[in-house]
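Architecture and fold: a report
Okay, here's what each chain looks like letter by letter:
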Amino acid sequence: IENFDKQMLFMKNRGFQTYDFVSTDSKKFIITFDDGYEDVFNNALPILLKYGFKAICFFVTDFIGKDNKWDIGHKNYNKLNIMSKNQIQEWISSGMSIGSHTYEHKNLKKLTTSEKKFQIVEPINFFIKNFNINPIFFSYPFGSYDHECLKIVKTFYKYAFTTKRG
């Protein structure tokens, strides 16, 4: 928490603003959070508001209000709570954005075409039904995708995010 606060203060003191996907001004950066962890709501949101920054949180819609069961079996598994619908509504009401991180946080490259489409599209239905929002942001679980995933995501979302570890 202290490190995140220091990072945000550093950016603020140097005149940076968070990117709004409309403006082309310089000194813009994007803050994103994958998975929708409750600690993002409890710890990052107050800091974002403190510095007047915006962020996007990508949610795994089948696990909202639950925990990160998709990580069970991974080397450094730590059970973490996922934001509730009420917390997501407060996140949105605070001026933050939401995005999809699939329905169940599966590696899309390992799925059939119909499974990929379900994982990518079903969260849109969830956000429309529960928050009256059609999300335009998508983040690939594990940063993993293939040509088929790109085609599906491009059909339903305006922006997509991945990781390029280096």
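Here's a quick rundown of the structure.

Turning our eyes to something else, we now look at the overall build of the chain. Scanning the chain for helices and strands turns up five helices and seven strands. Listed by position from the N terminus, the elements making up the chain come as α-β-β-β-α-β-α-β-α-β-α-β. Scaling as 2.2 N^0.38, a compact globule of 166 residues should have a C-alpha radius of gyration of about 15 Å, and the chain matches this with 16 Å. Projecting the C-alpha coordinates of the chain onto the three principal axes gives extents of approximately 50 × 35 × 35 Å. Counting the 166 residues in the chain, one finds 43% classified as buried. Once local pairs closer than 6 in sequence are excluded, the contacts in the chain between residues at least 24 apart make up 62%. Summed over its atoms, the accessible surface of the chain is roughly 9600 Å², and 50% of this surface lies on carbon and sulfur atoms. One way to put it: in the chain the 23 positive side-chain charges average out to a point 5 Å from where the 17 negative ones average out.

It is worth spelling out the pairing of strand β4 (residues 56-59) at this point. Residues I56 and F58 of β4 are buried on one face, and the alternating residues C57 and F59, pointing to the opposite face, are buried as well. Taking the sense of rotation as the criterion, the β-α-β connection linking strand β3 (residues 32-35), helix α2 (residues 38-51) and β4 turns out right-handed. In the sheet, β4 pairs with strand β5 (residues 97-100) via four bridges, with the strands oriented parallel. Looking at the pairing, F59 lines up with S100 of β5. Handedness of the β-α-β unit built from β4, helix α3 (residues 85-93) and β5 comes out right-handed.

What follows covers the nonpolar core. Ranked by size, the top nonpolar core spans 32 residues in total, and within it M8, F33, L48 and W91 carry the most contacts. Mapped onto this core, the elements with two or more residues apiece are α1 (2-13), α2, β4, α3 and α4 (113-131). For this core, the element with the most residues is α2, which contributes seven residues. With sequence-adjacent residues up to four places away left out, F33 is seen in contact with F4, V40, A44, L48, A55, I56, C57, F58 and W91. Counting 11 residues, the second largest nonpolar core, distinct from the first, contains I120, F138, C149 and I152.

Attention shifts here to the pattern of salt bridges. Throughout the structure, instances matching the rule amount to six salt bridges. Across the pair K116 and D146 runs a salt bridge, and its minimum N-O distance is 2.6 Å. Taken together, the residues K116 in helix α4 and D146 in the loop between β6 (137-139) and α5 (147-156) connect sequence positions 30 residues apart. The buried category is assigned to K116, whose relative accessible area is 3%. A salt bridge links E148 to K116, with the nearest nitrogen and oxygen atoms 2.8 Å apart. Of this pair, E148 sits in helix α5 while K116 sits in helix α4, and the two are 32 residues apart along the sequence.

How each quantity is defined
Residues take numbers from 1 onward in each chain, read along the sequence in its written order. Local features in this predicted model are restricted to residues of pLDDT 70 or higher, and side-chain atom pairs are both shown and tallied only at a pLDDT of 80 or more, whereas totals for entire chains, interfaces and linings draw on every residue. Think of the side-chain values as coming from all heavy atoms in the structure, minus any hydrogens and water. Comment: elements are numbered from the N terminus, with helices defined as DSSP H or I runs of at least four residues and strands as E runs of at least two. Only C-alpha atoms enter the radius of gyration, while the globule expectation follows 2.2 Å times N to the 0.38, with N the number of residues. With a 1.4 Å probe rolled over the protein chains alone, any residue whose accessible area is under 20% of its type maximum counts as buried; one over 50% counts as exposed, and the rest are partly exposed. The contact criterion used throughout is that any non-hydrogen atoms of two residues lie within 4.5 Å. Note on areas: Shrake-Rupley, 1.4 Å probe, and residue coverage restricted to the protein chains presented here. Residues counted as positive are Lys and Arg, residues counted as negative are Asp and Glu, and His and the chain ends are not counted. Charge placement uses NZ in Lys and CZ in Arg. For Asp and Glu, CG and CD serve respectively. Crossovers are marked right-handed if the path from the first strand over the helix to the second runs clockwise, as seen with the strands pointing away from the viewer. In short, DSSP must find at least two bridges between two strands for them to pair. Here, nonpolar core refers to any group of buried Ala, Val, Leu, Ile, Met, Phe, Trp, Tyr and Cys residues whose side-chain atoms link them within 4.5 Å. Salt-bridge detection follows one rule: a side-chain nitrogen of Lys or Arg within 4 Å of a carboxyl oxygen of Asp or Glu.

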